[in-house]
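# Observations on the model geometry
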Amino acid sequence: MIPIRNKKKTLKVTVEEMRNFAFSYVEKYAPSKQQLKTYLLKKYLKTSVPNVKKQDVTNLIDIVLSDLEKNKFINDKFYSESKAKSMIQRGNSINKIRNYLIGKGINSEYIKETVNKINDDNSDQDFFSAIKLCKKKRIGPARIEDNRTLFYKKDISLLARNGFDFETSKKVMEIAKVDFIKIVKLL
């Protein structure tokens with residue numbers, strides 16, 4: 001058997017390889033369109049095919065992505081809704097969700113739809129997400145009553161770093177321990 005090491009790759013082989021790379025990545029990670037595009041570019045740059053221009057490769061990637069989108073293997077609208085839902089369950093703020101989706105290259109229309117859907121489902125979603133975060137991190141109303149005033153600034157800043165505005169953070173921090181326990185039981 002003769003090794004096929006020196007066989008020159010053609011554009012057609014590259015398309016097939018790219019499609020296979022894309023399928024395996026989609027199967028494993030369920031990415032956004034932009035994530036998949038970045039992955040394929042990196043994968044191509046690593047395997048560097050001779051006699052093929054970078055512009056040709058980006059065109060091939062666009063063809064593969066449009067094919068995957070047409071066959072519903074990747075869907076940014078579904079991606080944004082499912083990521084937002086899982087992030088809400090973890091206690092993330094709407095700002096944090098919005099920034100995460102922007103970072104993943106999701107279309108601004110889909111982001112706007114997702115945020116509006118979250119607000120329609122629950123007008124005070126950030127408040128309940130902040131409550132979940134307090135429970136998870138044991139801060140604010142979840143702390144022992146004696147330590148609450150000592151750690152007030154630290155807890156407010158943790159909520160701010162997680163994307164909650166000052167009003168929501170303040171509202172959550174002023175909840176009595178009894179009310180906090182009742183709200184947590186409802187969640």
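Keep in mind that this is a model prediction, so the values were computed, not measured.

Thresholds applied
As a convention, each chain's residues are numbered from 1 in the sequence order in which they are written. Per-residue local features of the predicted model are confined to residues with pLDDT of at least 70, and side-chain atom pairs are confined, for both listing and counting, to 80 or more; whole-chain, interface and lining totals are unaffected and use all residues. Excluded from the side-chain calculations are hydrogens and water; all other atoms, namely the structure's heavy atoms, are used. Each helix is a run of H or I in the DSSP string that is no shorter than four residues. Each strand is a run of E no shorter than two, and both are numbered from the N terminus. Here's how the labels work: a residue is buried when its accessible area is under 20% of the maximum for its type, exposed when over 50%, partly exposed in between, all with a 1.4 Å probe on protein chains only. Contacts were defined at the residue level, with two residues in contact if any of their heavy atoms lie within 4.5 Å. All accessibility values rest on the Shrake-Rupley procedure with a 1.4 Å probe; residue burial counts only the protein chains present in the view. We define a salt bridge as a side-chain nitrogen of Lys or Arg found within 4 Å of a carboxyl oxygen belonging to Asp or Glu. To define axes, lines are fitted to C-alpha atoms, for helices over the stretch in contact only, and angles between the resulting N-to-C directions are given on a 0 to 180 degree scale. Comment on the angle field: the value is read as roughly parallel under 35 degrees, roughly antiparallel over 145, roughly perpendicular from 65 to 115, and oblique elsewhere. It is the rotation of the near helix from the far one that decides the hand of a crossing: anticlockwise by less than a right angle makes it left-handed, clockwise makes it right-handed. Only buried Ala, Val, Leu, Ile, Met, Phe, Trp, Tyr and Cys residues count toward a nonpolar core, and they belong to the same one when joined by side-chain atoms within 4.5 Å. For a helix, the expected span equals 1.5 Å multiplied by the number of residues minus one. Throughout, the arc means the angular range of directions from the helix axis out to the C-beta atoms. Under this definition, polar contacts are N or O atom pairs within 3.5 Å; protein pairs additionally need one hydrogen-donor-capable and one acceptor-capable atom, and for neighbouring residues in sequence, both atoms have to be side-chain atoms.

### Some remarks on the overall build of the protein
Of regular secondary structure, the protein possesses 10 helices and 0 strands. Each helix and strand of the protein, placed in order from N terminus to C terminus, yields the pattern α-α-α-α-α-α-α-α-α-α. When burial is assessed residue by residue, the protein has 36% of its 187 residues classed as buried. For the protein, contacts bridging at least 24 residues in sequence account for 67% of all contacts bridging at least 6. As displayed, the protein offers around 12,400 Å² of accessible surface, 53% of which is attributable to carbon and sulfur atoms.

### Let's talk about the pattern of salt bridges
The tally for this structure, following the rule as stated, stands at 9 salt bridges. Of the charged contacts in the structure, one is a salt bridge between Arg19 and Asp67, with a shortest N-O distance of 3.4 Å. Taken together, the residues span a long stretch of sequence, with Arg19 in helix α1 (residues 11–29) and Asp67 in helix α3 (residues 54–70) at a distance of 48 residues. We note a salt bridge from Asp62 to Lys37, for which the minimum N-O separation is 3.2 Å. Here the residue Asp62 occupies a position in helix α3, and Lys37 occupies one in helix α2 (residues 33–47), the gap between them amounting to 25 residues. Given a relative accessible area of 27%, Lys37 falls into the partly exposed group. Each of Glu16, Arg19 and Asp67 takes part in salt bridges that share partners, so that together they form one network.

### Quick notes on the packing of helix α7 (residues 125–137) against helix α9 (residues 166–173)
Two quantities define a packed helix pair, namely the angle between the helix axes and the distance between the axes. Look at α7 against α9: their axes get within 10 Å of each other, and the N-to-C directions meet at 55°. Regarding the angle of α7 to α9, the classification is oblique. The chirality of how α7 crosses α9 is right-handed. Here Asp126, Phe127, Ala130, Ile131 and Cys134 of α7 come into contact with α9, specifically with Thr168, Lys171 and Val172.

### Describing the environment of Phe21
With respect to the helices, strands and loops of the structure, Phe21 is situated in helix α1. Separated by 18 residues in the primary sequence, Phe21 and Tyr39 place their C-alpha atoms 9.0 Å from one another. Phe21 has contacts with Tyr39, Leu40 and Lys43, leaving out every residue within four places of it along the chain.

### With respect to the nonpolar core
One finds Phe127, Ile131, Cys134, Leu159, Val172, Ile175 and Phe180 to be the most contacted residues of the largest nonpolar core, which totals 16 residues. Counting only elements with at least two residues in this core, the list comes to α7, α8 (152–161), α9 and α10 (177–186). When residues in this core are grouped by element, the largest group, 5 residues, is from α7. With near-sequence residues (within four places) excluded, Ile131 lies in contact with Val172, Ile175, Phe180, Ile183, Val184 and Leu187. If you look at the next biggest cluster of nonpolar residues, it comprises 15 residues, including Ala22, Leu40, Ile61 and Ile74.

### Comments concerning helix α4 (residues 76–89)
Look at α4: 20 Å from first C-alpha to last across 14 residues, which is about the 20 Å you get at 1.5 Å a residue. Every buried residue of α4 is accounted for by Asp76, Tyr79, Ser80, Ala84, Met87 and Ile88. Looking down the long axis of α4, one finds its buried residues gathered within 155° of arc, a one-sided arrangement. Along α4, exposed side chains directed more than 90 degrees from the buried face belong to Phe78, Lys85 and Gln89. With a side-chain oxygen lying 3.1 Å from the backbone nitrogen of Lys77, the N-terminal cap of α4 falls on Asn75. Residue Gly91 follows α4 closely and has a positive phi angle near 90°.

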